[in-house]
Amino acid sequence: MTERRQRVPDVFDEAHRRCHAGEPVALATVVATWHSAPQPPGATMLVAADGTVTGSVSGGCVEADLYERARRVLATGAPELIRYGISDDDAYAVGLTCGGVLDVFVERVDPGALPGLDAVAAARRAAQPAAVVTCVAADAGGSPSDADNAPVDAGNSPGTPSTDPARRLGRRLVLAGGQRPIGSLGDDRLDDAASADALGLLAAGHSGMLRYGYSGQRRGSGVSLFVTAYATPPRMIVFGAIDFAAAVAQIGAFLGYRVTVCDARPVFTTARRFPEADEVVVQWPHRYLRTEVDAGRVDERTVVCVLTHDPRFDVPLLELALRHPLAYVGAMGSRRTHDDRLKLLGEAGLTEAQLARLASPIGLDLGGRTPEETAVSVAAQIVAARWGGTGRPLAALDGPIHRPG
């Protein structure tokens, strides 16, 4: 038995909804960052014609200025690429107080973009990956022979070379659900090159910048394309239908995971007890995980939290989880329980390297006692494992606060 919930709309959902209602929107996307930038590439902010704002690109540092620029782009239709760096000594200067630098591309998305938006929305509903490739910068870096031999842009007047920067900005190519690409970047060879590289970024779950010559040459001048990856969200599978599981599921959903709660006991394993979970499954834990592994529904981004602390459930489940390259495997229990587990798992044939991947007892030492406090310590350990954090106080460390990547 499986029960599922619906997610809260995000920036894409809002853009899609408004375009379906015939409203253009301005979309601001972080396309590049340096140093200690507060948000990664792909962070977005939407400004609607009625002034409504959805999302954020910097946590408040530049949003006020970006809002005005987005309103201008919404009025003129001309896209802009804006760089925000460190704010100066003037308290009213627009910039990043954290010492980072970020580039933000602001574009108007009109109802005419609906074919691409519909394709991405359908892919997201089907839990399939999708990518939108947008030309965010174009220069005159092509050689004269490139311009002379370049094909004409689709939709442009005859004789207009595709190397005209003004005609490249804002062009989009949408890759969704294994369908034929929607749109064009202005050149078939560029479309082919960008499609191949965008699919590589999508497979890794990353948004990022690509650079080519105007006809797809792999070099650093010509056009800069930003790939917005709508990858399927990483999974968090929580085993054990206890109060701690409800808190872990809640914070997992907050972190952007698609959360599953699984337990073999139907009386405890209900959607009512776990409202933040995307699905609630009644099944023996190791059997469920085996089904998901065999079906290819777990990957190297998947997080597994074993909260049952019962060897009947734990040992076969952990034996399976630790044999696969998951992002994180944590198990709840006392130190004595942990020692007993290691003994049983070693007897099951797991290697020292596999056993070393087990985060047990689960979580960081925050001193918490309640389910909610314990969930924070588990989430902190998962984030640290994802980004290579130390778990130490920032005040005790030197260097950038935000790690690159």
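For the structure itself, consult the block above.
Cut-offs applied
Residues numbered from 1 in each chain as written. Predicted model: local features only at pLDDT ≥ 70, side-chain atom pairs only at ≥ 80, totals over all residues. Heavy atoms only, no water. Salt bridge = Lys/Arg side-chain N within 4 Å of Asp/Glu carboxyl O. Helix = DSSP H or I, 4+ residues; strand = E, 2+ residues; numbered from the N terminus. Buried < 20%, exposed > 50% of the residue type's maximum accessible area, 1.4 Å probe, protein only. Polar contact = N/O pair within 3.5 Å; in protein donor to acceptor, adjacent residues only side chain to side chain. Contact = heavy atoms within 4.5 Å. Expected span 1.5 Å × (residues − 1). Arc of directions from axis to C-beta.

Before going further, it helps to examine the pattern of salt bridges. Following the criterion strictly, the structure yields 26 salt bridges and no others. Notably, a salt bridge pairs glutamate 14 with arginine 18, separated by 2.7 Å at the nearest N-O pair. Here glutamate 14 and its partner arginine 18 are both found in helix H1 (residues 11-20), four residues apart, which amounts to about one turn of the helix. Between arginine 18 and glutamate 23 there is a salt bridge, with the nearest N and O atoms lying 2.7 Å from each other. Its relative accessible area of 6% is what places arginine 18 among the buried residues.

Here aspartate 103 lies in strand S6 (residues 101-109). Overall, aspartate 103 belongs to the buried group, its relative accessible area being 8%. One polar contact links aspartate 103 to arginine 83, side chain to side chain, over a distance of 2.7 Å. Excluding its chain neighbours within four sequence positions, the residues that come into contact with aspartate 103 are Thr29, Val30, Val31, Ala32, Trp34, Leu81, Ile82 and Arg83.

This part is about helix H2 (residues 63-76). Here H2 spans 20 Å end to end across 14 residues, near enough to the 20 Å set by a 1.5 Å rise per residue. Of the residues making up H2, those classed as buried are Glu63, Leu66, Ala70, Val73 and Leu74. Across the axial projection of H2, the buried residues extend over an arc of 100°, all falling on one side. Summarising the geometry of H2, the exposed residues directed more than 90 degrees from the buried face are Ala64, Glu68, Ala75 and Thr76. Looking at the packing, one finds that the buried side of H2 touches strand S2 (25-34), strand S3 (44-48), strand S5 (80-84) and S6. Looking one or two residues past H2, glycine 77 carries a phi angle of roughly 80°, positive in sign.

Turning our eyes to something else, we now look at the environment of leucine 46. Tracing the sequence through the fold places leucine 46 in strand S3. For leucine 46, a relative accessible area of 0% corresponds to the buried category. Taking the C-alpha atoms as reference, leucine 46 lies 9.4 Å from valine 106; in sequence the two are 60 residues apart. Contact partners of leucine 46, with chain neighbours within four places excluded, come to Val11, Glu14, Ala15, Val25, Ala26, Leu27, Thr52, Val53 and Thr54.

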